[in-house]
Amino acid sequence: MTRTRRRKLLSSLFVAFCGSAVVVALTPLAFVLFFVVSQGARAVNLEFFTHMPTPVGEAGGGMANAIVGTLILTSLAAMIAVPIGVISGVYMSEYAGTRFAALVRFAADTLNGVPSIVIGLFAYAVVVVPFKQFSALAGGFALGTMMIPIIARTTEELLLLVPGSMREGALALGATRARAVFSVVLPAALPGIMTGIVLALARIAGETAPLLFTAFNNRFFNIRLTQPLSSLTVQVFTYATGPYEDWHRQAWAGALVLVTIVFACSLAARFATRRLERMHGRA
Amino acid sequence: MTERSRDLTFRIGTGAVALVVVLIVFAIGVELTRQSLPSIQKFGFSFWRTEIWDPVAGEFGALPFIWGTLYSSVLALLISTPIALGIAVFISELCPAVLRQPLVFLTELLAAIPSIVYGLWGIFVLVPAVRAIETSMPDSLRQLPLFTGPPLGLGMLSAALILSVMVIPFTSSVSREVLRSVPIAQREGAYALGATRFEAIRAALYYARTGIIGAIMLGFGRALGETMAVTMVIGNNPRISTSLFAPQYTMAAVIANEFTEAADQLYLAALVETGLVLFVITLMVNSLSRLLIWSMTRSLAPLQEAAAAPAGGAAA
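All figures in this text were calculated on a predicted structure; none of them were measured in a lab. Note that residues are indexed from 1 along each chain, following the sequence as it is written. To read the labels, note that chains go from A and ligands from 1, taken in the order they are written. Restriction of local features to residues with pLDDT of at least 70 applies here, the model being predicted, together with a cutoff of 80 or more for giving and counting side-chain atom pairs; totals for whole chains, interfaces and linings are based on all residues. Side-chain metrics in this entry use all non-hydrogen atoms of the structure; hydrogen atoms and water are not considered.

Asks: Hey, could you run me through the overall build of chain B in this one?
Replies: Secondary structure follows DSSP: runs of H or I at least 4 residues long count as helices, runs of E at least 2 residues long count as strands, and numbering of each begins at the N terminus. Within chain B, the secondary structure is distributed over 13 helices and two strands. Seen through its principal axes, chain B has C-alpha atoms that stretch 70 × 65 × 30 Å. Throughout, exposure labels follow a simple rule: accessible area from a 1.4 Å probe, protein chains only, divided by the maximum for the residue type, with under 20% read as buried, over 50% as exposed, and the rest as partly exposed. Within chain B, the fraction of its 316 residues that count as buried is 53%. Pairs of residues are marked as contacts when any of their non-hydrogen atoms sit within 4.5 Å. In chain B, once contacts between residues fewer than 6 apart in sequence are set aside, the share between residues at least 24 apart is 74%. Each accessible area value is a Shrake-Rupley result obtained with a 1.4 Å probe; residue values ignore everything except the protein chains displayed when judging cover. Element-wise, carbon and sulfur atoms account for 67% of the exposed surface of chain B, whose accessible area totals about 13,600 Å². Note that His is not counted, nor are the chain ends; the positive residues are Lys and Arg, and the negative ones are Asp and Glu. Each charge is placed at NZ for Lys, CZ for Arg, CG for Asp and CD for Glu. Positive and negative side-chain charges of chain B, numbering 19 and 19 respectively, have mean locations separated by a distance of 8 Å.

This is the structure in structure tokens:
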């Protein structure tokens, strides 16, 4: 009798532990979001979006150049990563059983696990050293490299979800494999792939480490790709570790903008996947 | 015949693009080795055994960074593993179905918050809080080697705490997948024998142990390479210490902080070599972790299909 009671007690304690683990993990999330929103909301204003940074030590100013910079860098990254990622994904799903597909999959997973700072070093070696200059291109290259494996794996997974009957139907009508993929299978998975790309972009936009010595930073407005370029993340880093009160204020504002971007993208992606799942009748 | 060759063209064309992914991984290894040659030639293995990091004198020993990286990651793992497993069990086994998707979403949001935002929060919120804990610690405890040094707030403890928060979502989502691949019959069998919830879940966890170790290692790989948040709170002091309060340094952090300031070739090469080793270590940890997870889910895949388990959808 006591033994049963002890076992039941242990069981309830375990359930309580698991429940509290969720609370313990979500507490920092709540704290981070609370501070980012409360500090950021106080700091963010129109000037933040439309003005350039003021000279060092002077209050006011904004991050207009950094916001444009982040947009340029993520676009460059997408231009590199979307074609390579999607086509690699097509290969992995079309020739799923082959040894080469397994190798590509392994490489993509490996690349996904490479620390972002190491990707930065790689981009430095490949783009910055030959051109002897920090540049937007180097930053875009670094971010693109990080994005490739995410898009490749998402594309692969989504293509495998497309019912085999669709591909078979296309092939039965006499389509070549390329035709079947590009006109039937890929369009069927396209909404999901777009969602994956949006999520990957959101993640990339929040990266700092690979930009530190590739795109570097720039206090001035710049759209030339061969020049150093500022970004929201690097700017937040500079301001957060700097000595001025007003810099800290702007760092919080930058963080709020970043978190808003990430949050909006995840939420949008989530609703999109939900709808997709319902459309495809997945339980 | 022509159709055949067109299909072959398609295969070769897409395969060539896919090859790029493989080549990038090789290129990272080759380029980092090439750029770190001056340092490799000058210091050889002593680079990894000496503690002196003196850019002015041109002496570089990376041991403090290796220590800091391993120590902070292991501490983060000690904190995050029980919590992450608790979450995985709660979400996959215990919680009501309505709560499941929102909880998955929230824990994944932990992974979506940019590292720099964690760092900013760390500097202005976590570090002062840790400093307050450190100053309020009784003197008797401060004698222990774990708690020596001035209470700065910036240091190993803050880094380990922030890392553990960042690692939790990775470990918990993979453990959840792994737990889901344990056949339902296995749990039903345990319940049928009169097991309590804890006993049934313990059996499932034991059954899934390979995959769960893989999930923990995946988190370890993330912790090793995490850069910005750690750089901002660990104190950046290249000195080996067992104290949680001591400011220390990690491999990723030293690269982030010093790379743009490195003036001479040898200094740059030493930093790149640090990155090379970080690359190799994370490569090994991640490969091993994938192997474990893969062997676990693969061996169960046929059972899974037979049970026709519902395919839930975590967003990408």
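From this point, the discussion proceeds with the structure in view.
Asks: What should I look at first to understand the overall build of chain A in this one?
Replies: When helices and strands are counted, chain A shows ten helices and zero strands. Along its sequence from the N terminus, chain A presents helices and strands in the succession α-α-α-α-α-α-α-α-α-α. Expressed as lengths along the three principal axes of its C-alpha atoms, the size of chain A is roughly 70 × 70 × 35 Å. Burial status across chain A gives 55% buried among its 283 residues. Restricting to contacts in chain A with at least 6 residues of sequence separation, those with at least 24 account for 72%. As presented, chain A carries roughly 12,500 Å² of accessible surface, and 69% of it is formed by carbon and sulfur atoms.

Asks: How should the interface of chain A and chain B be read in this particular structure?
Replies: A common way to report how large an interface is uses the accessible area buried once the components associate. Residue-level contacts link 93 residues of chain A with 81 residues of chain B. Values labelled buried area give the accessible surface lost by two parts on being combined, using a 1.4 Å probe and summing over both. In total, chain A and chain B occlude about 7,300 Å² of area from one another, counting both sides; carbon and sulfur atoms represent 81% of this. Salt bridges are defined as contacts in which a side-chain nitrogen from Lys or Arg sits within 4 Å of a carboxyl oxygen from Asp or Glu. Scanning the region where chain A abuts chain B turns up one salt bridge. The salt bridge partner of Glu199 of chain B is Arg7 of chain A, with a shortest N-O separation of 2.7 Å. Pairs of N or O atoms are called polar contacts if they sit within 3.5 Å, as long as, within protein, a hydrogen donor faces a hydrogen acceptor (for residues adjacent in sequence, only side-chain-to-side-chain pairs). In this structure, the connection of chain A to chain B is made through seven residue pairs in polar contact (both at pLDDT 80 or more). Elements with a minimum of two residues in the side of chain A that touches chain B: helix H1 (2-43), helix H3 (64-94), helix H4 (99-113), helix H5 (116-131), helix H6 (136-161), helix H8 (177-205), helix H9 (232-240) and helix H10 (245-280) of chain A. With 21 residues, H1 of chain A is the single largest residue contributor to the side of chain A that touches chain B. A breakdown of the residues in the side of chain A that touches chain B according to their chemical character gives 64 nonpolar, 19 polar and ten charged. Gly is put with the polar residues, along with every residue not named as nonpolar or charged; the nonpolar set is Ala, Val, Leu, Ile, Met, Phe, Trp, Tyr, Cys and Pro, and the charged set is Asp, Glu, Lys and Arg.

Asks: Help me understand the side chain of Gln250 of chain A in this model?
Replies: Residues and elements named next belong to chain A. Counting through the fold element by element, Gln250 comes out in helix H10. A polar atom in the side chain of Gln250 sits 3.0 Å from the backbone oxygen of Gly60. Excluding residues within four positions of it along the chain, Gln250 makes contact with Phe48, Gly60, Gly61, Gly62, Met63 and Tyr239.

Asks: Explain the packing of aromatic side chains to me, please; I cannot follow it from the model alone.
Replies: Given two aromatic rings, their pairing is described by the distance between the two centres and the angle made by the two planes. In this analysis, rings of Phe, Tyr and Trp, with Trp reduced to its six-membered ring, are considered paired at centre separations within 6.5 Å, and the interplanar angle assigns stacked below 30 degrees, edge-to-face beyond 60, and tilted for intermediate values. For the coordinates displayed, the defined rule picks out 25 aromatic pairs over all chains. Ring centres of Trp252 of chain A and Phe124 of chain B lie 6.1 Å apart, and the angle between their planes is 45°; on these two criteria the pair is classed as tilted. Placement of the pair is Trp252 of chain A in helix H10 and Phe124 of chain B in helix H5 (residues 115-135), with the two residues belonging to separate chains. Judged by relative accessible area, which is 27%, Phe124 of chain B ranks as partly exposed. On the basis of an interplanar angle of 25° and a centroid distance of 5.3 Å, the ring pair of Phe60 of chain B and Tyr267 of chain B is categorised as stacked. One end of the pair, Phe60 of chain B, is in strand S2 (residues 59-60); the other, Tyr267 of chain B, is in helix H13 (residues 265-307), and 207 residues separate them in sequence. Comparing Phe60 of chain B with Tyr267 of chain B, the two get one shared label, buried. Among the aromatic residues, ring-to-ring pairing joins Phe43, Phe47, Trp48, Trp53, Phe60, Phe65, Tyr249 and Tyr267 of chain B into one connected group. Its end group placed over the ring of Tyr206 of chain B, Arg209 of chain B keeps NZ or CZ at 4.1 Å from the ring centre. A positively charged side chain is recorded as over a ring if its NZ (Lys) or CZ (Arg) lies within 6 Å of the ring centre. The angle to the ring normal must also be within 35 degrees.

Asks: Sorry, what's going on with the pattern of salt bridges here?
Replies: Pairing between side chains of opposite charge can happen when the charged atoms of each approach one another. Residue and element names in this part refer to chain B. Under the criterion given, the structure shown has eleven salt bridges over all chains. Here Arg187 makes a salt bridge to Glu93, at a shortest N to O gap of 2.5 Å. Taken together, the positions of Arg187 in helix H8 (residues 184-192) and Glu93 in helix H3 (residues 63-94) put the pair 94 residues apart, joining distant regions of the chain. Take Arg187 and Glu93: they sit in the same class, and that class is buried. Linking Glu108 and Arg176 is a salt bridge whose minimum nitrogen-to-oxygen distance equals 3.9 Å. With a gap of 68 residues between them, Glu108 in helix H4 (residues 97-112) and Arg176 in helix H7 (residues 156-180) connect regions that are remote in the sequence.

Asks: Can you help me understand empty space enclosed by the protein in this one?
Replies: Where empty space is left in the structure can be found by rolling a water-sized probe over the atoms. The distinction between a cavity and a pocket rests on a 1 Å grid over the protein atoms alone: a 1.4 Å probe fits inside a cavity but cannot get out, while a pocket stays open yet meets protein on both sides within 12 Å along at least five of seven lines, and a residue with an atom within 4 Å of a point counts as lining. Grid points are joined across faces, edges and corners, and a volume is the space filled by probe spheres set on the points. Tallying each qualifying case throughout the model produces two cavities of 30 Å³ or more. Approximately 40 Å³ is the volume found for the largest cavity. Lining of the largest cavity is provided by Leu33, Val259, Val262 and Phe263 of chain A together with Leu109, Ala112, Ile113 and Pro114 of chain B. When residues of the lining of the largest cavity are traced back to their parent elements, those giving at least two are H10 of chain A together with H4 of chain B. Ranked by residues supplied to the lining of the largest cavity, first place goes to H10 of chain A with three residues. Lining the second largest cavity are Phe106, Asp109 and Thr110 of chain A together with Leu283, Asn286, Ser287 and Arg290 of chain B. If you list the elements that add at least two residues to the lining of the second largest cavity, you get H4 of chain A together with H13 of chain B. For the lining of the second largest cavity, the element with the most residues is H13 of chain B, which contributes four residues. Of the residues assigned to the lining of the second largest cavity, the class counts are two nonpolar, three polar and two charged.

Asks: Just to check I follow, could you spell out the nonpolar core for this structure?
Replies: In globular proteins that are soluble, nonpolar side chains generally tend to be buried together. The nonpolar core is taken to be a set of buried Ala, Val, Leu, Ile, Met, Phe, Trp, Tyr and Cys residues, with the residues joined through side-chain atoms within 4.5 Å. Counting residues in each nonpolar core, the largest one holds 185 residues, and the members touching the most others are Ile117 and Met147 of chain A together with Ile28, Trp53, Val117, Tyr118 and Phe259 of chain B. Residues contacting Val117 of chain B, with those up to four places away along its chain left out, are Val32, Val36, Ala255, Leu258 and Val259 of chain A.

Asks: Where do I start with a nonpolar patch on the surface in this structure?
Replies: All names here are of chain A. Taken together, the side chains of Leu9, Leu10 and Leu13 make up a nonpolar region of the molecular surface, amounting to roughly 300 Å² of accessible area. Here Leu9 is to be found in helix H1. Judged by relative accessible area, Leu9 falls into the exposed class, the value being 53%. To count toward a patch, a residue needs a relative accessible area over 30% and no salt bridge; like charges are then connected within 9 Å, while nonpolar side chains (Val, Leu, Ile, Met, Phe, Trp, Tyr) are connected within 5 Å.

Asks: Even after reading the chapter, I still don't get the environment of Glu199 of chain B, so can you show me in this structure?
Replies: Residue and element names in this part refer to chain B. Inspection of the secondary structure assignment puts Glu199 in helix H9 (residues 197-207). What makes Glu199 buried here is its relative accessible area of 18%. Looking at Glu199, its side chain comes within polar contact range of the main-chain nitrogen of Thr196, at 2.9 Å.

Asks: Please clarify how the side chain of Gln248 of chain B should be interpreted in this entry.
Replies: Within the element layout of this structure, Gln248 of chain B appears in the loop between helix H11 (228-233) and helix H12 (251-258). Apart from the residues lying within four places of it in its own chain, the contact partners of Gln248 of chain B are Trp67, Gly68, Tyr71, Met156, Ile234, Gly235, Asn236, Asn237, Arg239, Ser241 and Ser243 of chain B.

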